[in-house]
Amino acid sequence: MLHCSAAAPQVRVEGPVERVPEAESKAYFDSRPRSSRIGAWVSLQSQVVAGGRQEIEDRQQQLEAEYADASVAVPKPEHWGGFLVRPTAVEFWQGRPSRLHDRLRYSRASTDSSEWRLERLYP
């Protein structure tokens, strides 16, 4: 982790992760603004952009032209979807100049438990 004073507050979540069902992903995708749905096709998420920012903007223009007819739905990309984290621990971290950061952790024994324990952690 790199220190970034502008991002001093941080949150960390732990727990099992599962893929959101396809129908739920599609419903959420379809509820998003049209520009965001096109953006999902524009972005080759986390891949290197060899042609710089212009490559991204060119892809956006191409896809906006392809889906210019608002009566034509923008389909959900196959790779697009969500994940659900069932938290067993959530830690809130607030940086302090003295490096004696505030760390508060809420945790529970399992995802079935409704009882959360609050603990203060050493920095």
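Look a little higher up for the structure.
Let me sum up the structure you'll find in this document. (Residues numbered from 1 in each chain as written. Predicted model: local features only at pLDDT ≥ 70, side-chain atom pairs only at ≥ 80, totals over all residues. Heavy atoms only, no water.)

Details of the overall build of the protein
Part 1: Per the secondary structure count, the protein includes 3 helices and 6 strands.
Part 2: Helices (α) and strands (β) of the protein occur, in sequence order from the N terminus, as β-β-α-α-α-β-β-β-β.
Part 3: Going through the 123 residues of the protein one by one, you find that 21% of them count as buried.
Part 4: Across the protein, every contact between residues at least 6 apart in sequence was considered, and the portion connecting residues at least 24 apart equals 56%.
Part 5: Of the accessible surface of the protein, which amounts to about 9,300 Å², a share of 53% is contributed by carbon and sulfur atoms.
Part 6: In the protein, 17 side chains carry a positive charge and 17 a negative one; their mean positions are 7 Å apart. (Helix = DSSP H or I, 4+ residues; strand = E, 2+ residues; numbered from the N terminus. Buried < 20%, exposed > 50% of the residue type's maximum accessible area, 1.4 Å probe, protein only. Contact = heavy atoms within 4.5 Å. Areas by Shrake-Rupley, 256 points an atom, 1.4 Å probe, with all protein chains shown as cover. Lys, Arg positive; Asp, Glu negative; His and termini not counted. Charge placed at Lys NZ, Arg CZ, Asp CG, Glu CD.)

Some points on the environment of Ser107
Part 1: With respect to the helices, strands and loops of the structure, Ser107 is situated in strand S5 (residues 102-107).
Part 2: Here Ser107 falls in the buried class, since its relative accessible area comes to 9%.
Part 3: Between the C-alpha atoms of Ser107 and Glu91, which are 16 residues apart in sequence, the distance is 8.4 Å.
Part 4: With near-sequence residues (within four places) excluded, Ser107 lies in contact with Thr88, Ala89, Glu115, Trp116, Arg117 and Glu119.

Points about the nonpolar core
Generally speaking, nonpolar side chains in soluble globular proteins are found buried as a group.
Part 1: Judged by nonpolar contacts, Phe29, Ile38, Ala40, Val42, Leu63, Tyr67, Val74 and Trp80 together constitute the single largest core of 8 residues.
Part 2: Sort the elements by how many residues they give to this core and helix H2 (residues 34-42) lands first, with 3 residues.
Part 3: Dropping the residues within four chain positions of it, Ala40 is found in contact with Phe29, Pro77, His79 and Trp80. (Core = buried A, V, L, I, M, F, W, Y, C linked by side-chain atoms within 4.5 Å.)

Re the pairing of strand S4 (residues 89-94)
Part 1: Pairing of strand S1 (residues 9-14) with S4, which is carried by 6 bridges, proceeds in the antiparallel orientation. If you follow Gln10 over to S4, its bridge partner there is Trp93.
Part 2: Across 6 bridges, S4 lies against S5 in antiparallel orientation. Bridging from a neighbouring strand, Trp93 pairs with Arg103 of S5. (Pairing = 2+ DSSP bridges.)

A look at a nonpolar patch on the surface
Part 1: Together, Val11, Val13, Val17, Phe83, Val85, Phe92, Tyr106, Trp116 and Leu118 make up a nonpolar patch on the protein surface, roughly 840 Å² of accessible area in all.
Part 2: Broken down by secondary-structure element, the contributors of at least two residues to the nonpolar patch are S1 and strand S3 (83-85).
Part 3: Look at Val17 and you get exposed, because its relative accessible area is 52%. (Patch = residues over 30% accessible without salt bridge, like charges linked within 9 Å, V, L, I, M, F, W, Y side chains within 5 Å. Salt bridge = Lys/Arg side-chain N within 4 Å of Asp/Glu carboxyl O.)

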